[in-house]
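Coordinate analysis (summary)
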Amino acid sequence: MSSRIVASLLAGTVLTAGAVEPLKVLYITGGCCHDYPAQADLIPQGVEERANVKFTVFLDPNVSTASKMKVYEDANWAAAYDVIVHNECYADVKDPEWTQRILKPHKEGKPGVVIHCAM
């Protein structure tokens with residue numbers, strides 16, 4: 001998904017919400033197979049230039065497909081944010097409890113944008 005598409009999605013959320021304060025977005029990224037460090041700069045910057053949002057970026061330097069990202073170790077990892085953007089590729093993590101920890105805030109209604117392998 002291009003940064004333009006993500007910007008459009010998030011900008012639409014901000015405009016319909018009529019928010020004065022910036023939307024707090026957690027951008028989680030890392031893993032194998034893509035230039036996640038470059039995307040960690042480009043995507044948040046592109047969206048922030050186009051919408052009233054403030055990104056916090058968590059870039060995991062681990063490039064294996066079996067890493068468990070430290071950001072998810074806290075049971076309340078998503079609490080401080082309005083939207084979570086997942087752009088990560090750890091397809092070989094087979095721990096169902098870990099997966100449920102990641103999904104929990106979204107199942108409870110926390111909006112998310114899922115890019116590429118994060119699905």
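Above this text sits the structure in question.
Now for a look at the structure at hand. (Residues numbered from 1 in each chain as written. Predicted model: local features only at pLDDT ≥ 70, side-chain atom pairs only at ≥ 80, totals over all residues. Heavy atoms only, no water.)

1. Section: the packing of aromatic side chains
- Using the criterion set out here, one finds 3 aromatic pairs in the structure.
- Look at Tyr-27 and Phe-55: their rings are 6.2 Å apart centre to centre, the planes differ by 65°, and that puts the pair in the edge-to-face class. Of this pair, Tyr-27 sits in strand E1 (residues 23-31) while Phe-55 sits in strand E2 (residues 53-60), and the two are 28 residues apart along the sequence. Neither residue differs from the other here; Tyr-27 and Phe-55 are each classed as buried.
- What links up through ring pairs into an aromatic cluster is the set Tyr-72, Trp-77 and Trp-98. (Phe/Tyr/Trp six-rings, centres within 6.5 Å; stacked < 30°, edge-to-face > 60°. Helix = DSSP H or I, 4+ residues; strand = E, 2+ residues; numbered from the N terminus. Buried < 20%, exposed > 50% of the residue type's maximum accessible area, 1.4 Å probe, protein only.)

2. A short note on helix H2 (residues 36-50)
- If you check H2, its first and last C-alpha atoms are 21 Å apart, about what 15 residues at 1.5 Å a residue would give, namely 21 Å.
- Listing the buried residues of H2 in full gives Tyr-36, Ala-40, Ile-43, Pro-44, Gly-46 and Val-47. Across the axial projection of H2, the buried residues extend over an arc of 165°, all falling on one side. Exposed and oriented more than 90 degrees from the buried face of H2 are Asp-41, Leu-42 and Glu-49. (Expected span 1.5 Å × (residues − 1). Arc of directions from axis to C-beta.)

3. Concerning the sheet that holds strand E3 (residues 83-89)
- Strand order in the open sheet formed by 4 strands is E2-E1-E3-E4, with parallel pairing between adjacent strands. The sheet is open, and its two edges are formed by E2 and strand E4 (112-114), each paired on a single side. Along the sheet, successive strands turn relative to each other by an average axial angle of 15°, direction set aside.
- Contacting E1, E2 and E3, H2 crosses the sheet at an angle of about 175° to E2. (Pairing = 2+ DSSP bridges. Axes fitted to C-alpha atoms, helices over the stretch in contact; angles between N-to-C directions. Contact = heavy atoms within 4.5 Å.)

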